[in-house]
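Listed below are the residues making up each chain.
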Amino acid sequence: CALLPSRTLMARGISEAEDEGCEEKDSNVGPNGLLKRSELVRIITQSLYALGYKKTALLLEGESGISLQSSLVPQFRQQILDGKWEDSMETMRFLLPDPSNFSSAVSLILQQKFFEQISLSASMEALRTLRSEISPLNINNERVRELASCLICPSKIENLSSSYGGKYVKTSREKLLQELQVLLSPSIMIPERRLEHLLEQSLIMQRNTCVFHNSMDE
């Protein structure tokens, strides 16, 4: 399978990669033609940035004509980290045009907003968020009841959310970003350290399948 499963971008102007010459950029490469050129270039570029080779990464972006990510991605990340929920949902509308996925993303963002309101003892604001914003999304009724129970017993929050980190707001918002990233096309927002994860998966598979592998060689 391809390194980064591709999904068609439907919103105009959110990816610099969607310009003239995109057909060449999205051509398949590899011995079996299973890899998208644009996706391969992006994960290499991301890895170069992560390793500290910024100049080389910039040169690769310039020579290939393939940007690492949509210009809206840094803005979206910062909006989530700053807790600007309304702004982040508006930006998400362009990053994620699919209605069902968009509703799922909005639900995650609003639940984070709801949990943080409770942590600040803003019970009335949290109740309004639940009634006016979360409930109309028509998510699972059981989930709505579980969220409502947090208004009575805030300690239940930790059992209901894998992203919520209590008083550690920065950490919980970073975890929220990870959950939202699952809903986005990798061509828009590449998972962190993608190339490293792929190479480690390959090494683990080789170790598990090679009967002659020297386990002392780390």
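Bear in mind that the values here come from a model prediction, so they are computed numbers and not experimental data.

**What to know about the overall build of the protein chain**
Argument step 1. Each helix and strand counted, the protein chain has 11 helices and 2 strands in total.
Argument step 2. Sequence-ordered secondary structure for the protein chain, helices as α and strands as β, is α-β-β-α-α-α-α-α-α-α-α-α-α.
Argument step 3. Classification of the 218 residues of the protein chain by burial places 38% in the buried group.
Argument step 4. For the protein chain, the share of sequence-separated contacts (at least 6 apart) that also reach a separation of at least 24 residues comes to 60%.
Argument step 5. Accessible surface computed for the protein chain: about 13,500 Å², of which carbon and sulfur atoms make up 54%.

**Details of the confidence of the model for the protein chain**
Argument step 1. The predicted model of the protein chain has a mean per-residue pLDDT of 80, with 79% of residues at 70 or higher.
Argument step 2. For the protein chain, helix 1 (residues 22-25) is the element with the lowest average pLDDT, namely 54, and helix 3 (residues 54-64) is the one with the highest, namely 94.

**Considering the pattern of salt bridges**
Two side chains bearing opposite charge may form a pair once their charged atoms approach each other closely.
Argument step 1. Under the definition given, this model contains 7 salt bridges.
Argument step 2. Linking glutamate 90 and arginine 93 is a salt bridge whose minimum nitrogen-to-oxygen distance equals 3.9 Å. You can see glutamate 90 and its partner arginine 93 sitting in helix 5 (residues 85-95), 3 residues apart, about one turn around the helix.
Argument step 3. Owing to a relative accessible area of 42%, glutamate 90 belongs among the partly exposed residues under this scheme.
Argument step 4. A salt bridge links glutamate 142 to arginine 145; the shortest N-O distance between them is 2.8 Å. Remark: arginine 145 and glutamate 142 occur in helix 8 (residues 141-152); sequence separation between them is 3 residues, near one turn of the helix.
Argument step 5. Given the relative accessible area of 52%, arginine 145 is considered exposed.
Argument step 6. Via salt bridges that share partners, Glu86, Lys113 and Glu133 belong to a single interconnected network.

**Structural notes on unusual backbone geometry**
Argument step 1. Unlike most non-glycine residues, serine 121 shows phi in positive territory, near 65°.
Argument step 2. Tracing the backbone shows serine 121 in the loop between helix 6 (99-119) and helix 7 (123-134).

**A short note on the nonpolar core**
Argument step 1. Among the nonpolar cores identified, the biggest contains 31 residues, and Phe76, Ile80, Met92, Leu95, Phe114, Ile134 and Leu180 are the most heavily contacted of them.
Argument step 2. Listing elements by their share of this core, those giving two or more residues are helix 4 (72-81), helix 5, helix 6, helix 7, helix 8 and helix 10 (169-181).
Argument step 3. With 8 residues, helix 6 is the largest single contributor of residues to this core.
Argument step 4. Those residues in contact with phenylalanine 114, other than ones at most four positions away along the chain, are Ala126, Thr129, Leu130, Ile134, Leu147, Cys150 and Leu151.

About the thresholds
Residues numbered from 1 in each chain as written. Predicted model: local features only at pLDDT ≥ 70, side-chain atom pairs only at ≥ 80, totals over all residues. Heavy atoms only, no water. Helix = DSSP H or I, 4+ residues; strand = E, 2+ residues; numbered from the N terminus. Buried < 20%, exposed > 50% of the residue type's maximum accessible area, 1.4 Å probe, protein only. Contact = heavy atoms within 4.5 Å. Areas by Shrake-Rupley, 256 points an atom, 1.4 Å probe, with all protein chains shown as cover. pLDDT = per-residue confidence, 0-100. Salt bridge = Lys/Arg side-chain N within 4 Å of Asp/Glu carboxyl O. Core = buried A, V, L, I, M, F, W, Y, C linked by side-chain atoms within 4.5 Å.

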